[in-house]
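# Coordinates in review
For reference, the chains in residue letters:
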Amino acid sequence: MRVLVIGGGGREHAIAWKLKQSPRVDKVFVVPGNAGTALEPGVENVGITEIPELVEFAQKESIAITIVGPEAPLANGIVNDFEKARLKIFGPTWQAAQLETSKIFAKEFMLRHKIPTAGYMRFTDALCAHRYIDENPAPLVIKANGLASGKGVVVAETKEQAHSAVDAILVAKSLGNAGNEILIEEFLQGTEVSFIVMTDGQYVLPLANSQDHKRLYDGDQGPNTGGMGAYSPTPFVSSTLHEKIMQEIIHPAIDGMRQENIQYRGFLYAGLMISQNEQPKVLEFNCRLGDPETQPIMLRLKSDFFSIIEHAVNETLDNALIEWDSRIALGVVIAAHGYPENPRRNDVIQGLTESMLAQKDNNDFHVFHSGTVIRKNGTSDEIVTAGGRVLCVTALGETVKIAQQNSYQLVDKISFKDCQFRRDIGYQSIRRLS
């Protein structure tokens, strides 16, 4: 069978890599893909982006199932258009994807269905927002209502930072139309974890839990990013907490969608804050797999991923079985100079050839590409940076500490000019278990 994956990041590289391992999958197309997917055996990049062209391509190539990676195509209605053409696709419709595309929609939905989340106020007027900040203690969280490519959340530790964020988003329009309306939320304390499930609209299949690291620098310092690394599973989600998350957050979200006559079929990502007494609250919903959480999750997945997706599309997810490697998988993101604000492009990446040769016959680690392209240099090719997050170097280990050591051994063999990465991915788990 032939499968189509929409997207060009590390998440999509990991999805394509795992799909191609299925004995039932002959070829995986990735739109637009990156240098990593271009070099994967049995995977081919496709240089089209418009939804009508993608529909035509899926029909022409007899694509069995399409999997949507990023949020923008979901917001633009790719699932609606594919379903209208009677093509099988895994992802929520644009109506269901509002859980991610509109922070206000998500908040009001959570209130209607009694899903625990942080208190908030919404603003379109900067003066009113500034007044609210003056009247409430810091820290505060400022969120743009719309999609902002991972740049729409500011954790303001001081009132000055909160005021600056309001001016940047509402006054200077740094995020464009995504910032026409903002939310100011209470700051939640605790441990942040990622909880991702698959659903066919009725049945829910939880994936392995994980924890990502949003801040740019070690010790969770510096600006928020799309994610500087992740590992799976995390010791912060006990079996009791897992059940509580399912009963208080995941099932109410899927059931709530159905009650509002919106079928939700696809991945659902709940970014959660876990308090000291194991009370989970939703920080955000995403209507897709997380990045970089997908990379370690796919490295641990032992089951046939295509068959699981097929069950979900055919609304037989209750018949799907999923098996995980018992080891820890940990991924370290290597980012471009200037990330997250102004990442530099076209820096030549060294050390990838050796990594690719080493991983050829070894599934205990993999270097997943994100912001990379192949560039001609005379008679040879070279891989250069083409985005903020460039690579996610992911490895397995019996413990978080060993997985961390295995990942950083690979990271230290890869380089490009002024690259950035954290040295402490997984540190919270190591500290807890030591």
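The structure under discussion appears in the preceding block.
Residues numbered from 1 in each chain as written. Predicted model: local features only at pLDDT ≥ 70, side-chain atom pairs only at ≥ 80, totals over all residues. Heavy atoms only, no water.

## Quick look at the overall build of the protein chain
Per the secondary structure count, the protein chain includes 15 helices and 22 strands. On C-alpha atoms alone, the protein chain measures out to a radius of gyration of 21 Å, which is about the 22 Å that the 2.2 N^0.38 rule sets for 434 residues. Taken along the three principal axes of its C-alpha coordinates, the protein chain extends 60 × 50 × 45 Å. For the protein chain, with 434 residues in total, the buried portion stands at 58%. Of the contacts formed within the protein chain by residues at least 6 apart in sequence, a portion of 69% connects residues at least 24 apart. (Helix = DSSP H or I, 4+ residues; strand = E, 2+ residues; numbered from the N terminus. Rg over C-alpha atoms; globule rule 2.2 N^0.38 Å. Buried < 20%, exposed > 50% of the residue type's maximum accessible area, 1.4 Å probe, protein only. Contact = heavy atoms within 4.5 Å.)

## Focus on the sheet that holds strand E5 (residues 89-90)
Strand order in the open sheet made by the five strands is E3-E2-E1-E4-E5, with parallel pairing throughout. Two strands bound the open sheet, and with one partner strand each, they are strand E3 (43-45) and E5. By the bridge criterion, six bridges tie strand E1 (residues 2-7) to strand E2 (residues 27-32) in an arrangement that is parallel. By the bridge assignment for E2, Ile6 is matched with Val31. (Pairing = 2+ DSSP bridges.)

## What to know about the environment of Val171
In this structure, Val171 sits in helix H9 (residues 159-171). Along the primary structure Val171 and Leu127 are separated by 44 residues, whereas in three dimensions their C-alpha atoms are 10.0 Å apart. Residues within four places of Val171 in sequence aside, it is in contact with Ala126 and Val166.

## Focus: the sheet that holds strand E9 (residues 182-186)
Pairing is antiparallel across the open sheet formed by four strands, whose spatial order is E6-E9-E7-E8. Of all the strands in the sheet, just strand E6 (120-123) and strand E8 (153-156) have a single pairing partner and so form its edges. The sheet shows a mean angle of 20 degrees between the axes of neighbouring strands, taken without regard to direction. Its contacts with the sheet put helix H7 (residues 103-112) on E6, strand E7 (140-144) and E9, and the angle it makes with E6 is roughly 145 degrees. Lying on the sheet, H9 is in contact with E6, E7, E8 and E9; it crosses E7 at an angle near 5 degrees. (Axes fitted to C-alpha atoms, helices over the stretch in contact; angles between N-to-C directions.)

## Overview of the state of the cysteines
The term disulfide refers to a covalent linkage connecting the sulfur atoms of a pair of cysteines. Across all of its chains, the model carries zero disulfides by this definition. Free cysteine Cys392: the closest other cysteine sulfur is in Cys419, separated by 14 Å. For Cys392, a relative accessible area of 2% gives the class buried. Accessibility expressed as a relative area gives 25% for Cys419, which makes it partly exposed. (Disulfide = S-S within 2.5 Å.)

## Observations concerning the packing of aromatic side chains
The relation between two aromatic rings is expressed through the spacing of the ring centres and the mutual angle of the planes. In the structure shown here, the tally under the stated rule is five aromatic pairs. Between the aromatic rings of Phe90 and Phe267, the centroid separation amounts to 5.0 Å while the plane-to-plane angle is 85 degrees, which identifies the pairing as edge-to-face. Pair noted here: Phe90 is in strand E5 and Phe267 is in strand E16 (residues 266-274), with a separation of 177 residues, a long-range link. A single burial state applies to Phe90 and to Phe267, both of which are buried. (Phe/Tyr/Trp six-rings, centres within 6.5 Å; stacked < 30°, edge-to-face > 60°.)

## Brief notes about the side chain of Glu310
Along the chain, Glu310 turns up in helix H12 (residues 305-313). With near-sequence residues (within four places) excluded, Glu310 lies in contact with Met1, Arg24 and Ile65.

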